[in-house]
Amino acid sequence: MNRVALAPTFDEAPASDRHTQDALLSIRDLHLDYGGGPVLNGIDLTVKRGQAVSIIGPSGSGKSTILRCINGLVTPRRGSIHIDGIDVRAQQSDAERIALRKRVGFVFQQYNLFPHLSVLDNLTIAPRRVLGKSREEAESDAHALLAKVRLADKAHAYPGALSGGQQQRVAIARTLAMRPDLILFDEVTSALDPETVGEVLNVIGELAGEGQTCVLVTHEMRFAAEISDEVFFTERGVIVEHGPAGQLFGQPRNERTRLFLQRARGEDRSHPPLRAV
Ligand SMILES: Nc1ncnc2c1ncn2[C@@H]1O[C@H](COP(=O)(O)OP(=O)(O)O)[C@@H](O)[C@H]1O
Ligand SMILES: [Mg+2]
């Protein structure tokens, strides 16, 4: 049984009450084409500072592409993206793009740790090289972050000796080591064995509970329902519907959302099927 123990912090005050409310990320009328045709067809999405926002939707609907636009990996044809007031599309020089990526962490399905480096070195390499931290400072920070993701005893292990869930938690700690304003999580549990999904979701849930601003693309519907302030449902490159998690999951307004949720709940690995609300 793929039951996941969600951290008790999820049951505290409503997410929307927990944090301050100014917009950290603002996306307006985003359009993007790949060779095969239009992929994003006018995406609007706002994330306030301290919010956890989830994007759900069928495979191929443009979720990853939205995240790639946010951190400047791909450039949209039309529309605007602002992070803390900075126009992402105007960041053209290498220096500007690096500065942007320092502020936006990205955690992928494939954790991409350096296999020849210890966990500790994986965590300290970017803070030392990009942020100019001393070895002592970077290592002290790394140990604290490993404790946070419950891997304090793995500092000197190599990635190959860790489970998928442990490696993904190292990848999250590595992202946190850069102190990003915003973290993008793209289906970070999709490649994991069922028994390690929960430990990764718990870590992300705690970060969200602490007020780390994040955007999550996930298929774990119960988890999205528990931790999200706002949920966006995408299909064919448009936001079909968005709203507070309770409303979108409990009383979806759009028939497409309803059908998608019905199917997704059958495949959810984060919890037994949602109660009807
Ligand atoms: N680099 C690419 N080149 C061409 N087409 C792409 C590329 N990346 C994604 N696509 C297409 O764009 C659409 C949206 O992809 P994606 O954003 O990855 O969807 P999702 O994350 O929702 O599964 C899909 O039809 C996909 O095939
Ligand atoms: Mg994707």
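These figures come from a predicted structure and were not determined experimentally.

(A) Representation of the overall build of the protein chain. Along the protein chain, the regular secondary structure elements total ten helices and ten strands. Classification of the 277 residues of the protein chain by burial places 43% in the buried group. Residue pairs at least 24 apart in sequence account for 68% of intrachain contacts in the protein chain once pairs closer than 6 positions are excluded.

(B) Summary view of the sheet that holds strand β2 (residues 37-48). Taking strand neighbours across the sheet as the criterion, the four strands line up as β2-β1-β4-β5 in an open arrangement whose pairing is antiparallel. If you trace the sheet from one side to the other, it starts and ends with β2 and β5 (86-87), each paired once. Bridge analysis of strand β4 (residues 78-83) against β5 gives two bridges, and the strand direction is antiparallel. Residue pairing in the sheet places isoleucine 83 in a bridge with isoleucine 86 of β5.

(C) Molecular detail of the sheet that holds strand β7 (residues 182-186). The strand order across the open sheet formed by six strands is β6-β7-β8-β3-β9-β10, and the pairing between neighbours is mixed. Looking at which strands have only one partner, the edges of the open sheet turn out to be β6 (104-107) and β10 (238-244). The sheet shows a mean angle of 15 degrees between the axes of neighbouring strands, direction not considered.

(D) Highlighting the nonpolar core. Core analysis: the largest hydrophobic core is formed by 70 residues, its most contacted members being Ala173, Phe185, Cys214 and Ala224. By residue number, the principal contributor to this core is helix α7 (residues 194-209), which donates seven residues. Residue contacts for alanine 173: discarding those within four places in its chain leaves Leu123, Leu145, Leu146, Lys148 and Val149.

(E) Representation of unusual backbone geometry within the structure. Non-glycine residue aspartate 29 carries a positive phi angle of around 55 degrees. Within the secondary structure layout, aspartate 29 lies in strand β1 (residues 23-34). Of note, the phi angle at glutamate 187 is positive, near 45 degrees, even though the residue is not glycine. Looking at the element boundaries, glutamate 187 is found in the loop between β7 and α7. You can call glutamate 187 partly exposed: it has 18 C-beta atoms within 10 Å.

(F) Main features of the pairing of β2. Strand direction decides the pairing type here: β1 and β2, joined by nine bridges, are antiparallel. The partner of leucine 25 across the bridge, within β2, is valine 47. Counting the residues that bridge the hairpin from β1 to β2 gives two residues.

(G) Representation of the site of ligand 1. In the region of ligand 1, the neighbouring residues are Tyr34, Gly35, Gly36, Val39, Gly57, Ser59, Gly60, Ser61, Gly62, Lys63, Ser64 and Thr65. With three residues, helix α2 (residues 63-70) is the single largest residue contributor to the shell around ligand 1. Residue composition of the shell around ligand 1, by class: two nonpolar, nine polar and one charged.

Criteria and thresholds
- Residues numbered from 1 in each chain as written.
- Chains lettered and ligands numbered in written order.
- Predicted model: local features only at pLDDT ≥ 70, side-chain atom pairs only at ≥ 80, totals over all residues.
- Helix = DSSP H or I, 4+ residues; strand = E, 2+ residues; numbered from the N terminus.
- Buried ≥ 20, exposed ≤ 12 C-beta atoms within 10 Å, placed from the backbone.
- Contact = placed C-beta atoms within 7 Å.
- Pairing = 2+ DSSP bridges.
- Axes fitted to C-alpha atoms, helices over the stretch in contact; angles between N-to-C directions.
- Core = buried A, V, L, I, M, F, W, Y, C linked by C-beta atoms within 7 Å.
- Near = placed C-beta within 6 Å.
- Nonpolar A, V, L, I, M, F, W, Y, C, P; charged D, E, K, R; others polar.

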